[in-house]
Amino acid sequence: MELVEAIILAVLAASTPLLLAATGELITERAGVLNLGVEGMMIVGAACGFGGAWLSGSIIVGALCGIVAGALLSLIFALMTLGLAVNQVATGLALTILGIGLSGLIGARFVGEKITPAPHLHIPGLTDIPLVGRILFGEDGFIYLSLALVVAVWWFLYKTRAGLILRAVGDNHVSAHALGYPVLQIRMYAVMFGGACAGLAGAYLPLAYTPFFIPGMTAGRGWIALALVVFASWRPGRLVIGAYLFGAVTILQLHAQGWGVGVPSQLMSALPYLATVIVLVLISRARSGGSTAPAALGTVFVPDR
Amino acid sequence: MGGTPLLQTVGLTKRYGTFLANDAIDIEIWPQQIHALLGENGAGKSTLVKTIYGLVQPSEGDMLWQGEKMVLSGPSEARSRGIGMVFQHFSLFDNLTVAENVALGLDGRESFKDMSARLEEVSNVYGLPLDPKREVWQLSVGERQRIEIVRALMQNPKFLILDEPTAVLTPQEADQLFVVLDRLKAEGRAILYISHKLDEVKRLCDTATILRGGKKISTCNPKAETASSLARMMVGSEIKEVKAAANRQTTVPRLVVNDLGLEPDDPHGVRLQHISFELKGGEILGIAGVAGNGQDELFAALSGERLAQDPGTVVIDGHAAGHLSITRRRKLGAAFVPEERLGHGTAPRMRLSENALLTGHAASGMVQHGFVNTAATLSTVDKATKAFDVRKAKRDPEAASLSGGNLQKFIVGREILRNPVVLVVSQPTWGVDAGAAAVIRQALLDLAASGAAVLVTSQDLDELAEITDRIAVMFHGHLSAPIPTSEASREKLGLLMGGASLDQKNLDQKEAAHAAGA
């Protein structure tokens, strides 16, 4: 049973950066913008987050540095794709390449340094309950924050007028413009929210997951987050399920290797993507009409005035 | 007339670069009046109403609202003053519900629950029933327009702008709309009504302003004008009368469709059921119907974009062709002009000569031993240009650079120059100005006179009345039996377009026979 508890704890920790980044990307895509630069924003968030925490000695300062770094990088993306109406796919890919290079530059002096990782919650009595205690009441703050964020995003999208406007902009930017909504401004905020979440997701890695920074430590998690948004068919609830599922696959793959299961690890690593493809097919077969993806996703909008 | 007008524009001008979309327009809108705005495509109607609705900022000139100067920062300010708008291309969100769509058009001062209650109330009061929980993609075009109108009415507007509201409605749906408009007028509201349909304007409107080339030509009382005098003001010259050749003769059946049925390939599609007709050489058959009743699917089945299981369901010039590809059908002498000019009829970013090749490669000697004969493709462009008066900036421009009317003339010309024995054409003059429309209709008549069979799908009943010999109506994937055009009154067609059967008993028997056979 110790092993089960350990696996669940590891799954939660592995899933959290995916959930954070995907939640941000979900808002970006719901506004109709496809930002493929999640991986780049995450890795810069990781470098800046670690740097901030190492210099200040505070995990919270580190997390804030990660958030700001991700948001600033996404601002470049917003200026290019919204202001200058550049192709979103090309810009997003370029952003990832830029982010990987930039993180190496920023993080070079922090490689080999170590910080005290984010503390775990400890509520006497509750945390000590066997099996569930540590899982429910003994996690680090980021895990609780990520779940709260998903609930907040769900509430925003479906219960507030601002959320309705955001969904409308992602469904049909021409109509939204005709009704007088500032399409580009709304999209810029959505992109920056996505950037901030990706930055935080990146910062989680050196602040809580492993207490040090190495270049390229996001290791493709940004791409998984992108696939996750599609997997969740742009719905926050399914995002949680998807993130934990993908996290579980990652962890089980490690254990499977340890147990000597004869499945190539490459195949296991490919599972999340395979799952995404299957889910996409199932969704499009099950639904009778309308579109699952935001209808304006990835299209450039230039208002006429 | 005493007092001040509700809205007055003084020298309203909008420039895009050097292009004058609106040139010093003066217009007065009075309460309790329906004011028509007439003009061809590109005359500046849309720019004018967008300016009045605050979507476009004027370059010069003023707007006076109840006698006071008004500068609009955007549509929400226009709405707060009491200006409402129903868009031509609906400003709806397909994946949101009716209630959410309505909420987005309001300023959000009331709770969603109160808004939903008021939505129900307004839609009941005006007889415009709506289910607030449905998503828009599930609704018919008429229902979508109802959302737009209810949304505008919920702001309790003093002034309502409608941009071609009847373009997509059946005659009966249009009549229902006119009842609502008369009621709004009686309530003291002003209405600005944009339309191409002059009979409608004469019947409904108290005042008409005519725009041409961005300038105001005149303001008149449409009831005192004739449809042709209004058309003359819109176009600026007499429109050439379209004339059918007197001695046109029908020959052998060129296009025969036998009990064609086809499952839709996308969730929004319509299932074609038991479609049969026979079209002889020298004959023009019209297919009327509200958009989305299977016309697109029928076009796809005839052109070979979608294949039928049974080869015998589509017979082109005596050859069973239901299973043949587009190219094979072209080789049998068929030609096709789809509804959408850019993207379906032509590849927008390719030159005209390349677009000529795209349909001409099958049977026009443009490809020799696998190589493209550029001279042949260019000569097709030149011939089409000359025969159909295609106006363009250079010899061989990109398709997207042509205006809608000129591109349509090119596409129709490209197919007719191949001397087809069967021409299937969808919406031949949709969104085309009156001059180009006359050229295209004449070309279709001439083609039929030369012995070809022509099938025209159109939503414009006047067009069908003008050029066809017989008319059939599509409804929910069924095609009615064709009736001679001389006997096809608007009322009769309207009933068919709304799904009524002229001979209900007959249809029931047919259905029963099919059920028994299945």
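For every chain, the first residue of the written sequence is number 1, and numbering continues from 1 along that sequence. As they are written, the chains are lettered A onward and the ligands numbered 1 onward, keeping that order. In keeping with the predicted nature of the model, local features appear solely for residues at pLDDT of at least 70, side-chain atom pairs appear and are counted solely at 80 or more, and the whole-chain, interface and lining totals rest on all residues. With hydrogens and water stripped out, all remaining heavy atoms of the structure feed into the side-chain values.

**What about the overall build of chain B?**
Inference 1: Numbering of helices and strands starts at the N terminus; helices are DSSP runs of H or I of at least 4 residues and strands are runs of E of at least 2. Across its full length, chain B holds 17 helices and 23 strands.
Inference 2: Whereas a compact globule of 518 residues would reach a radius of gyration of roughly 24 Å, chain B reaches 25 Å, a difference of no more than 12%.
Inference 3: The principal-axis extent of the C-alpha atoms belonging to chain B is close to 70 × 60 × 40 Å.
Inference 4: Note on exposure labels: buried denotes an accessible area under 20% of the residue type's maximum, exposed denotes more than 50%, and partly exposed covers the range between, all computed with a 1.4 Å probe on protein chains only. For chain B, the proportion of its 518 residues judged to be buried stands at 51%.
Inference 5: By sequence separation, contacts in chain B at least 24 residues apart represent 66% of the contacts at least 6 residues apart.
Inference 6: When the accessible surface of chain B is totalled, it reaches about 22,600 Å², and 50% of it is carbon and sulfur.
Inference 7: One finds the centroid of the 56 positive side-chain charges in chain B at a distance of 5 Å from the centroid of its 62 negative side-chain charges. Only C-alpha atoms enter the radius of gyration, while the globule expectation follows 2.2 Å times N to the 0.38, with N the number of residues. Note on definitions: a residue-residue contact is assigned when non-hydrogen atoms from the two residues lie within 4.5 Å. Accessible areas in this description were obtained via Shrake-Rupley with a 1.4 Å probe; residue shielding takes into account the shown protein chains only. For the purpose of counting charges, residues Lys and Arg are taken to be positive, whereas Asp and Glu are taken to be negative. His and the chain ends are not included. The atom standing in for a charge is NZ when the residue is Lys, CZ when it is Arg, CG when it is Asp and CD when it is Glu.

**A closer look at the nonpolar core**
The nonpolar side chains of a soluble globular protein tend to be buried, and buried together.
Inference 1: Throughout this description, the term nonpolar core refers to a set of buried Ala, Val, Leu, Ile, Met, Phe, Trp, Tyr and Cys residues connected via side-chain atoms within 4.5 Å. Among the nonpolar cores identified, the biggest contains 132 residues, and A:Phe142, B:Leu104, B:Leu181 and B:Tyr193 are the most heavily contacted of them.
Inference 2: Here this core gets 13 residues from one element, more than from any other, and that element is helix H9 (residues 183-209) of chain A.
Inference 3: With 42 residues, the next largest nonpolar core counts B:Leu357, B:Ile411, B:Ile416 and B:Leu464 among its residues.

**So, the confidence of the model for chain B**
Residue and element names in this part refer to chain B.
Inference 1: Of the residues in chain B, 92% have a pLDDT of 70 or more, and the chain-wide mean is 86.
Inference 2: The quantity called pLDDT is the predictor's confidence in a given residue, expressed from 0 to 100. Counting interchain partners and residues more than four positions distant, the pLDDT-below-50 stretch residues 504-513 has two contacts.
Inference 3: For this predicted complex, the interface confidence score (ipTM) comes to 0.84, while the overall pTM stands at 0.73.

**Structural notes on the sheet that holds strand E14 (residues 314-316) of chain B**
All names here are of chain B.
Inference 1: A pair of strands is treated as paired once DSSP finds two or more bridges between them. Judged by pairing direction, the sheet is antiparallel, and its four strands sit side by side in the order E12-E11-E14-E15 without closing on themselves. Only two strands of the sheet have a single partner each, and these edge strands are strand E12 (272-280) and strand E15 (319-320).
Inference 2: Two strands pair when backbone bridges link them, and strand E11 (residues 253-262) and E14 are joined in this way by three bridges, in the antiparallel orientation. Counterpart to Val257 in the pairing with E14 is Val314.

**Let's talk about the packing of aromatic side chains**
Inference 1: Aromatic rings from Phe, Tyr and Trp, taking only the six-membered ring of Trp, are treated as a pair when their centres fall within 6.5 Å; an angle between ring planes under 30 degrees marks them as stacked, one over 60 as edge-to-face, and anything in between as tilted. Summed over all chains, the structure comprises seven aromatic pairs over all chains.
Inference 2: Aromatic side chains A:Phe142 and A:Tyr204 sit 5.3 Å apart centroid to centroid with 80° between the ring planes, which places their arrangement in the edge-to-face category. Of this pair, A:Phe142 sits in helix H6 (residues 141-159) while A:Tyr204 sits in helix H9, and the two are 62 residues apart along the sequence.
Inference 3: The class for A:Phe142 is buried, based on a relative accessible area of 8%.
Inference 4: According to the relative accessible area criterion, A:Tyr204 is buried, its value standing at 0%.
Inference 5: Put simply, the rings of A:Phe50, A:Trp54 and A:Phe110 pair up and form one aromatic cluster.
Inference 6: A ring has a charge above it when a Lys NZ or an Arg CZ is no more than 6 Å from the ring centre and no more than 35 degrees off the ring normal. Positioned above the aromatic ring of B:Tyr16 is the side chain of B:Lys14, whose terminal nitrogen or guanidinium carbon lies 5.1 Å from the ring centre.

**A closer look at the packing of helix H3 (residues 59-83) of chain A against helix H4 (residues 88-107) of chain A**
Residues and elements named next belong to chain A.
Inference 1: Axes here mean lines fitted to C-alpha atoms, for a helix over just the part in contact, with angles spanning 0 to 180 degrees between N-to-C directions. Contact geometry of H3 with H4 gives a least axis separation of 10 Å together with a crossing angle of 155°. The angle between H3 and H4 places the two elements in the roughly antiparallel class. The interaxial crossing formed by H3 with H4 has right-handed handedness. Residues Leu73, Ile76, Phe77, Met80 and Thr81 of H3 form the contact with H4, whose own contacting residues are Gln88, Thr91, Gly92, Leu95, Leu98, Gly99 and Leu102.
Inference 2: Looking at side-chain class alone, the contact of H3 with H4 contains seven nonpolar, five polar and no charged residues. Orientation labels follow simple angle bins: below 35 degrees gives roughly parallel, above 145 gives roughly antiparallel, 65 to 115 gives roughly perpendicular, and whatever is left gives oblique. Crossing handedness follows the turn of the near helix against the far one: under a right angle anticlockwise gives a left-handed crossing, and clockwise gives a right-handed one. Each residue is assigned to one class: nonpolar for Ala, Val, Leu, Ile, Met, Phe, Trp, Tyr, Cys and Pro, charged for Asp, Glu, Lys and Arg, and polar for all the others, Gly among them.

**As for the pattern of salt bridges**
Residue and element names in this part refer to chain B.
Inference 1: For this analysis, a salt bridge means a side-chain nitrogen from Lys or Arg found within 4 Å of a carboxyl oxygen belonging to Asp or Glu. Taken as a whole, this structure holds 24 salt bridges over all chains when the rule is applied.
Inference 2: Linking Arg81 and Glu77 is a salt bridge whose minimum nitrogen-to-oxygen distance equals 3.6 Å. Here the residue Arg81 and the residue Glu77 both occupy positions in helix H2 (residues 75-81), the gap between them amounting to four residues, near one helical turn.
Inference 3: Taking the relative accessible area as the measure of exposure, Glu77 reaches 23% and is therefore partly exposed.
Inference 4: For Arg203, the salt bridge is made with Asp175, and the minimal N-O distance between the two is 3.1 Å. On the criterion of sequence distance, the pair formed by Arg203 in helix H7 (residues 198-204) and Asp175 in helix H6 (residues 171-186) is long-range, its members being 28 residues apart.
Inference 5: Relative accessible area serves as the criterion here: at 34%, Asp175 is assigned to the partly exposed category.

**What to know about the interface of chain A and chain B**
Inference 1: Taken together, the contact between chain A and chain B spans 22 residues of the former and 30 residues of the latter.
Inference 2: Of the roughly 2,000 Å² buried between chain A and chain B on both sides combined, carbon and sulfur atoms contribute 53%.
Inference 3: On inspection of chain A and its partner chain B, the count reaches one salt bridge.
Inference 4: Between A:Arg167 and B:Glu100 there is a salt bridge, with its nearest N and O atoms 3.0 Å apart.
Inference 5: If you list the elements that add at least two residues to the side of chain A that touches chain B, you get helix H7 (161-171) and helix H8 (173-178) of chain A.
Inference 6: It is H7(A) that provides the largest number of residues to the side of chain A that touches chain B, a total of six residues.
Inference 7: Tallied by class, residues from the side of chain A that touches chain B come to eight nonpolar, eight polar and six charged. Accessible area that two parts lose when put together, evaluated with a 1.4 Å probe and summed over both, is termed the buried area.

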